[in-house]
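A structural walkthrough
Here is how the chains run, residue by residue.
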Amino acid sequence: MTSLSSSRLGLILALNLLSSATWAGSVTAASAAELRAACDSADAAIVLQPAAMAAPEARAFALSPALLQWSGQSLGPGERVALLASARGGVQVKVGAAAQGVEQRVELLPSAASLAPELAQRFKYLESFGPGLRLALSAADQARLPQLLRGELLLVKEDAAGQVLAVTGLQTPGALDALYADAAEAAGELGAVVKKARQTEFKLWAPTAQQVHLCRYAGPESPAQAVEALAFDPRSGLWQQRLPANLSGSYYRYLVEVWVPGLGRVRNRVTDPYSLSLSADSARSMVVDWADPRLQPPGWQDRRAHRQASARVQQSTDMVIYELHVRDFSIGDATVPPAQRGKYLAFTQAGSQGMRHLRALAQAGLTDVHLLPVFDLASVPEQGCLTPQVPEAAADSPAQQAAVMKVAGQDCFNWGYDPWHYSAPEGSYASDAQRGERRIREFRQMVQALHRAGLRVGMDVVYNHTAASGQGRHSVLDRIVPGYYQRLDAKGQVERSTCCDNTATEQRMMAKLMIDSVAMWAREYRIDSFRFDLMAHQPRAVMEALQQRVNAAAGQPVQLIGEGWNFGEVANGARFVQASQLSLNGSGIGTFSDRARDAARGGSAGDNGLEVLKNQGWLNGLGFAPKRHAGTPAAATQLMASADLLRVGLAGSLRDFELDTWRGPRLRADQIAYGDQPAGYVSEPGEVVNYVDNHDNQTLFDINVLKLPQDTPRAERARVQLLGAALTAFSQGVAYFHAGIDVLRSKSLDRNSYDSGDWFNRLDWSYQRNFFGTGLPPAADNQAMYPWLAPLLADPGIAPGPAEIAWMRDGFRDLLKIRASSRLLRLSSAVEIRQRLRFLNTGPAQNPMVLAAEIDGQGLKDAGFARLAYFLNTSPEAQVLNLPELAGRRYVLHPVHLAPGAADPRPKREFAFEAASGQIKVPGRTALVLVER
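Note that the coordinates shown come from a computational prediction; the quantities given were computed from them, not determined experimentally.

1. So, the overall build of the protein
Along the backbone of the protein there are 23 helices and 42 strands. For 933 residues, the compact-globule estimate of 2.2 N^0.38 gives 30 Å, and the C-alpha radius of gyration of the protein, at 30 Å, lies within 12% of that figure. Once the C-alpha set of the protein is aligned to its principal axes, its extents read approximately 95 × 65 × 55 Å. A total of 933 residues make up the protein; the buried ones form 62% of that total. Put simply, 75% of the contacts in the protein that link residues at least 6 apart link residues at least 24 apart. On the protein, roughly 31800 Å² of surface is accessible, and the fraction owed to carbon and sulfur atoms is 51%.

2. What about the confidence of the model for the protein?
Overall, the predicted model of the protein reaches an average pLDDT of 95, with 97% of residues at or above 70. Note on residues 1-26: pLDDT is under 50 here. Beyond four places in sequence and across chains, it has 43 contacts.

3. Observations concerning the packing of aromatic side chains
Here the structure, examined in full by the defined rule, presents 28 aromatic pairs. Each ring, one from Phe329 and one from Phe347, has its centre 4.2 Å from the other, and the planes form 10°; the classification is stacked. Of the two residues, Phe329 sits in helix α7 (residues 326-330) while Phe347 sits in the loop between α7 and α8 (353-364), which places them 18 residues apart along the sequence. Judged by relative accessible area, Phe329 falls into the buried class, the value being 1%. Taking relative accessible area as the criterion, Phe347 reaches 1% and is therefore assigned buried.

4. Side note on unusual backbone geometry
Here the phi dihedral of Asn572 falls at roughly 55°; this positive angle occurs in a residue that is not glycine. Along the chain, Asn572 falls in the loop between β27 (559-562) and β28 (590-592). Taking the relative accessible area as the measure of exposure, Asn572 reaches 68% and is therefore exposed. Located in the positive-phi region is Leu744, a residue other than glycine, with phi close to 60°. Looking at where Leu744 falls in the secondary structure, it is placed in the loop between β34 (734-738) and α18 (779-782). For Leu744, a relative accessible area of 0% puts it in the buried group.

5. Comments concerning the pattern of salt bridges
Across all of its chains, the model carries 53 salt bridges by this definition. Between Arg327 and Asp758 there is a salt bridge whose closest N-O contact spans 2.8 Å. Note that Arg327 is positioned in helix α7 and Asp758 in the loop between β34 and α18, a separation of 431 residues in sequence. Residue classification places Asp758 among the partly exposed positions, given a relative accessible area of 21%. Across the pair Arg823 and Glu832 runs a salt bridge whose closest N-O atoms are separated by 3.2 Å. The pair formed by Arg823 and Glu832 is uniform in burial state, with each residue classed as buried. Among the charged side chains, a network of salt bridges with common partners joins Glu34, Glu257, Arg265 and Arg267.

6. Some details on the nonpolar core
Residues Phe530, Phe730, Tyr870 and Phe871 are the most contacted members of the largest nonpolar core, which totals 238 residues. In terms of residue count, the dominant contributor to this core is helix α11 (residues 508-525) (11 residues). Apart from the residues within four sequence positions on either side, Tyr870 is in contact with Leu650, Phe730, Leu825, Leu837, Phe839, Leu851, Ala852, Ala853, Ile855, Leu928 and Val929. The next biggest cluster of nonpolar side chains, apart from the first, holds 11 residues, and it includes Leu534, Ile561, Phe592 and Val734.

7. Let's talk about the sheet that holds strand β40 (residues 912-914)
Here 3 strands make up an open sheet; going across it, the order is β38-β41-β40 and the pairing antiparallel. Two strands lie at the open edges of the sheet, namely β38 (879-882) and β40, each paired on one side alone. This sheet shows a mean twist of 10° between the axes of neighbouring strands, independent of strand direction. Sheet topology places β40 next to strand β41 (residues 919-922); 3 bridges connect them, and they run antiparallel.

8. Section: the state of the cysteines
Per the stated rule, a full pass over the model turns up 2 disulfides. The disulfide that involves Cys385 links it to Cys412, with 2.0 Å between the sulfurs. The chirality of the disulfide connecting Cys385 with Cys412 is right-handed, given an S-S dihedral of about 90°. Taken together, the residues span a long stretch of sequence, with Cys385 in the loop between β21 (375-377) and α9 (399-406) and Cys412 in the loop between α9 and β22 (419-425) at a distance of 27 residues.

9. Quick look at the sheet that holds strand β39 (residues 892-893)
One open sheet accounts for 5 strands, arranged β35-β36-β37-β42-β39; its pairing is antiparallel. The open sheet has two edge strands with one neighbour each: β35 (837-840) and β39. Bridge count for strand β36 (residues 850-856) against strand β37 (residues 867-873) is 7 bridges, and the pairing is antiparallel. Within β37, the residue paired with Leu851 across the bridge is Leu872. Contacts from helix α15 (residues 633-650) reach β35, β36 and β37, with the element oriented near 25° to β36.

10. Some points on the pairing of strand β7 (residues 152-158)
Burial of β7 is extensive: 7 of the 7 residues sit out of reach of the surface. Side-chain alternation along β7 places Glu152, Leu154, Val156 and Glu158 on one buried face and Leu153, Leu155 and Lys157 on a second face that is also buried. Relative to β7, strand β4 (residues 80-86) is paired through 7 bridges, and the arrangement is antiparallel. Looking across to β7, one finds that Leu84 is bridged to Leu154. Note: β7 against strand β8 (residues 164-168), 4 bridges, orientation antiparallel. Pairing of Lys157 across the sheet is with Ala166, part of β8. Hairpin connection between β7 and β8: a loop of 5 residues separates the two successive antiparallel strands, and Gly162 in this loop has a positive phi of roughly 90°.

11. Details of the packing of helix α16 (residues 700-707) against helix α17 (residues 714-729)
The N-to-C vectors of α16 and α17 enclose an angle of 125°; their axes lie 10 Å apart at closest approach. Accordingly, the angle class assigned to the pair α16 and α17 is oblique. When the axes of α16 and α17 are compared, the crossing they make is right-handed. Together, Leu700, Phe701, Asn704 and Val705 of α16 and Arg717, Val720, Gln721 and Gly724 of α17 make up the contact between the two elements. Residue composition of the contact of α16 with α17, grouped by class: 4 nonpolar, 3 polar and 1 charged.

12. Quick notes on the pairing of strand β11 (residues 199-205)
Most of β11 is tucked away: 6 of the 7 residues are buried. Across 5 bridges, strand β10 (residues 191-195) lies against β11 in antiparallel orientation. When the sheet's bridge partners are listed, Lys195 is paired in β11 with Gln199. In textbook terms, the turn of a hairpin is the stretch between consecutive antiparallel strands, and for β10 and β11 this stretch comprises 3 residues, one of which, Lys196, has a positive phi near 50°. Relative to strand β15 (residues 238-243), β11 is paired through 6 bridges, and the arrangement is antiparallel. Bridge pairing in β15 places Leu204 opposite Trp239.

13. What about helix α19 (residues 786-794)?
Where α19 is concerned, the buried positions are Tyr786, Leu789, Ala790, Leu792 and Leu793. The secondary structure elements touched by the buried residues of α19 are α9, α16 and α18.

14. Observations regarding the environment of Pro50
Checked against the element boundaries, Pro50 lands in strand β1 (residues 45-50). Between the alpha carbons of Pro50 and Val260 there is a distance of 9.6 Å; along the sequence they are 210 residues apart. Residues in contact with Pro50, not counting those within four places in the same chain, are Arg88, Gly89, Leu263 and Gly264.

Basis of the calculations
- Residues numbered from 1 in each chain as written.
- Predicted model: local features only at pLDDT ≥ 70, side-chain atom pairs only at ≥ 80, totals over all residues.
- Heavy atoms only, no water.
- Helix = DSSP H or I, 4+ residues; strand = E, 2+ residues; numbered from the N terminus.
- Rg over C-alpha atoms; globule rule 2.2 N^0.38 Å.
- Buried < 20%, exposed > 50% of the residue type's maximum accessible area, 1.4 Å probe, protein only.
- Contact = heavy atoms within 4.5 Å.
- Areas by Shrake-Rupley, 256 points an atom, 1.4 Å probe, with all protein chains shown as cover.
- pLDDT = per-residue confidence, 0-100.
- Phe/Tyr/Trp six-rings, centres within 6.5 Å; stacked < 30°, edge-to-face > 60°.
- Salt bridge = Lys/Arg side-chain N within 4 Å of Asp/Glu carboxyl O.
- Core = buried A, V, L, I, M, F, W, Y, C linked by side-chain atoms within 4.5 Å.
- Pairing = 2+ DSSP bridges.
- Axes fitted to C-alpha atoms, helices over the stretch in contact; angles between N-to-C directions.
- Disulfide = S-S within 2.5 Å.
- Parallel < 35°, antiparallel > 145°, perpendicular 65-115°, else oblique.
- Left-handed = near helix turned anticlockwise from the far one by under 90°.
- Nonpolar A, V, L, I, M, F, W, Y, C, P; charged D, E, K, R; others polar.

Here is the structure:
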């Protein structure tokens, strides 16, 4: 922001205080009885004074307290522009007539002054809205602006006679940040904060509010016991009150009187955006003292298990992540007590099938469990959620999905990407959502149990949007500071490119909310890493500031990864330098790579219709049963291009890693094309997250059902699955796996199971079923494909049995053991990868069915081996490679392959290596590793 001079700021604050009485005096103060009734009313909002007119489009922008810009406007002879203001909202404007009901008027003058560099950068995106009219406020009018921002505010262009020619609303975040953000950031913690167990301080940032009151409640359902007026700080925009008691365990809400464009002066009863816990269905915020014994499970102060789990990850590339939904984990686990199924406390059942499964993964080499959203979310009723009655029906019947979707809006399941309160645990996973302390204590018990199992805990966080905006029932931020927290378009409407109501983390107080929230999760819940949903909708600079803050809060490095997809109104740096795939080089923050994912699976995440069937990948038929261009040069070209993309992924997607390509030239990875983007795009391996499936789109098993020949035997389907997992396990960078990949998880071909209920999201830790063929998937996202899906679901030869599931389970654990056995598969720097990794079987003469590489371990601590080589053969048939560069090597199979309990017998039975010539035979559909000591 552009800093105001101390004298200018002093003038503004002085005049602000001076005019406050006059401006506020035009608003009638509510009686104590009226306020007490509002605290307990069934209505969450009351219109105290209706607006005299509908809100116009907001095409003007407050760049700072001194400058405004009105897109699409210019001034003709005799024309002028003014701000019209009213605390009561009585302004009436009609084009062709003089404005009525104006309480204050501010004349504006055209400005040709250049913007300060920070302002120019922040508002560069306005150029895309077309030419605009730059307008300046006088010093005296700048001093009035803070008060004007607390009521109705319109911009009009008038002719010489005072007739209105055009009218617009005003987008105010630029001015609000310049006026208040410095002091508000310096004010420290917001929300309800217990100070030294003797005082409770309430702080709410609401610089445009006319009045704010605090409703206090003894419990989650009791009537209001007190209503407190909060005092306004004109420097920070904070409303504050300090009460001389430790109120931990009590509840509160705010009454915020604020101007809502087009609606009027509204008294919103609203929860705290900094809520740390809540009553059921987020009705009331709870005061939290982190030192309160009621919030600490037994042994919480003993941090040894956390330290031991943390020690397993010394660098980002040590991370091996299992992405897991809290409800999926235990809702079908009969070894968990019924009351704890689908809850936080299920993780505390050390003897359950699910926890035994996680411990076995940890012992094999898994380091992190990443939980899908566990913050307070809007889509699941926290009390009285419904369980659908799913009928017994045929494998290809639509009856199951019809029953599930009939109650989808009221059932107990959702992925949860619809944030309501960012800093409070979700109540539907607690044993009693009405008691706010239960959420905190039981969440901590879950983290404690995972740490004791040797696993770090990650959170999937969603700061790029809110569940609602405006006056919606699930809206919080926009009901406190209308028009500030959400990102707006050229007309002042909320952007929705992320699916929901986008937030604007480029606004300083939204950035503060996000940073404070993440730091809290790390500090108070010992969260070890974070996955950011649609992270590219956030500025890189904010994410880097967050990284520093969260590391300090945790007292140790906290890894950040996220979705770096480049799209929407922020695409290609339109509003700021994004935290996107191509913009995070050197930051140390990781992004998911779609390059190798698409090459392995075929097509892209957006494929639908027949394209999803025909666009095969390296794993599922491109080289051995192509559905397109079979037997033509085009098929061979596509296969070799996919193999090269997979090599880039295996090399950590490094920009400057060099590869002999299938076309002939030796190229850097950033010179190899992935559509219109570079295949290699990161500076360091810790900046890439490798995966072949996650919660989005079809599971790996299901995508392979769609693309493999239908007569592929069950055992061979399991081999394809293990080969896909091996691509991730052998790739440099962060390894990321979808929960259930190791048990052939199926969602009955559902391409988008976010609201598909427990039925389509099940996991079976008894290893009997993978739930393929349990009905046609929900119609909303899949119905157009029913004619193609139904025959597959009805085929009794596809669904695996217990033998195939157990084989995959054990084979996956072997992969984790191999990755954990040597740092050669998780090198920490680009320099090490360039020096030590070389691919074999490359260039125009390559056999693209086999990916092969050798990694030099000489002089590397924790390498475990002098050399390591791996081979991945996607062909159903054995492949023989002549690799003279391996002649003289004393390679043997990795000890995991040779162990008596090794899951896959093919390496021991069918692998062959002639050291004299370097010829190697790789069994069909096999991933194997050789080592030299």
